[in-house]
Amino acid sequence: MREILSLEHVQLTDRPLIVCDIDEVVLEFLTPFRNFLRSSGHDLLARSFRLHGNIVLSADGLPVAESLVDDLLEEFFTLQDQWQTPATLAVETLESLAVEADLVFLTAMPPRHAVVRRSLLDHHRLHYPLLATEEPKGPVVKQLHDARDVPVVFIDDILRNLHSVRSHEPDCLLVNIMANAEFRAFAPEPGEGIAKAENWPDAARIIRQHFAR
Ligand SMILES: [Mg+2]
């Protein structure tokens, strides 16, 4: 059964809208996930742009079974508040952008982890509304923005999500950003129509340029 996503707690004004992913964008994901894996005799090797196949048993360096990858991710998200911290300058940059735009977090995490994520975000002064859903992101952004006559921006590390938003909200500024430099080196080029930000100040510059148009 498809989940029904409630947008009731998201109150938008007539300012521009910034919809922002969380893992590997606002919060570090790969670095703390690797630290979590190392604490239990596993490791995450930066040798390609994927998790599966790169999560290994420290003892022999061999990839763990696919089902164990899912179990480890589930356990990590359950304990995320003990491991995850904000990406460099994410908190400060979002605080300054929130002066001129509405901000909404859209995370592809299973909704069962939303309560612990909410408290982790609040702990770091990231008090913006949170939507947690495993549904494609494009329809959610479209539903949120609802064809209003203000600029809209979507920020994510995963191209699949950026492409989903592009196909449902063609006027949306798409920004690709990724916290972990080691894995970023393996990331596919975003291609035409997607702005690649080196870091959060760079993302803010790209976004403000779009607002000024
Ligand atoms: Mg992400």
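Please refer to the structure higher up on the page.
Residues numbered from 1 in each chain as written. Predicted model: local features only at pLDDT ≥ 70, side-chain atom pairs only at ≥ 80, totals over all residues. Heavy atoms only, no water.

Undergrad: Sorry if this is basic, but what is going on with the overall build of the protein chain here?
TA: For the protein chain, the helix and strand inventory stands at 9 helices and 8 strands. The C-alpha radius of gyration of the protein chain comes to 17 Å, within 12% of the 17 Å expected for a compact globule of 213 residues. Projected onto its principal axes, the C-alpha positions of the protein chain cover 55 × 35 × 35 Å. Taking all 213 residues of the protein chain together, 49% fall into the buried category. At a minimum sequence separation of 6, the contacts of the protein chain that also span at least 24 residues come to 67%. Across the protein chain, the 20 positively charged side chains and the 33 negatively charged ones have centroids separated by 3 Å. (Helix = DSSP H or I, 4+ residues; strand = E, 2+ residues; numbered from the N terminus. Rg over C-alpha atoms; globule rule 2.2 N^0.38 Å. Buried < 20%, exposed > 50% of the residue type's maximum accessible area, 1.4 Å probe, protein only. Contact = heavy atoms within 4.5 Å. Lys, Arg positive; Asp, Glu negative; His and termini not counted. Charge placed at Lys NZ, Arg CZ, Asp CG, Glu CD.)

Undergrad: Please clarify how the pairing of strand β7 (residues 173-176) should be interpreted in this entry.
TA: Working note: regular strand, side chains alternate between the two faces of the sheet. Residues L173 and V175 of β7 are buried on one face, and the alternating residues L174 and N176, pointing to the opposite face, are buried as well. In this fold, the crossover linking strand β6 (residues 152-156) to β7 by way of helix α7 (residues 159-168) has right-handed handedness. The pairing of β7 with strand β8 (residues 195-196) spans 2 bridges and is parallel. Its bridge partner being in β8, V175 is matched across the sheet by A195. (Right-handed = clockwise from strand over helix to strand, strands pointing away. Pairing = 2+ DSSP bridges.)

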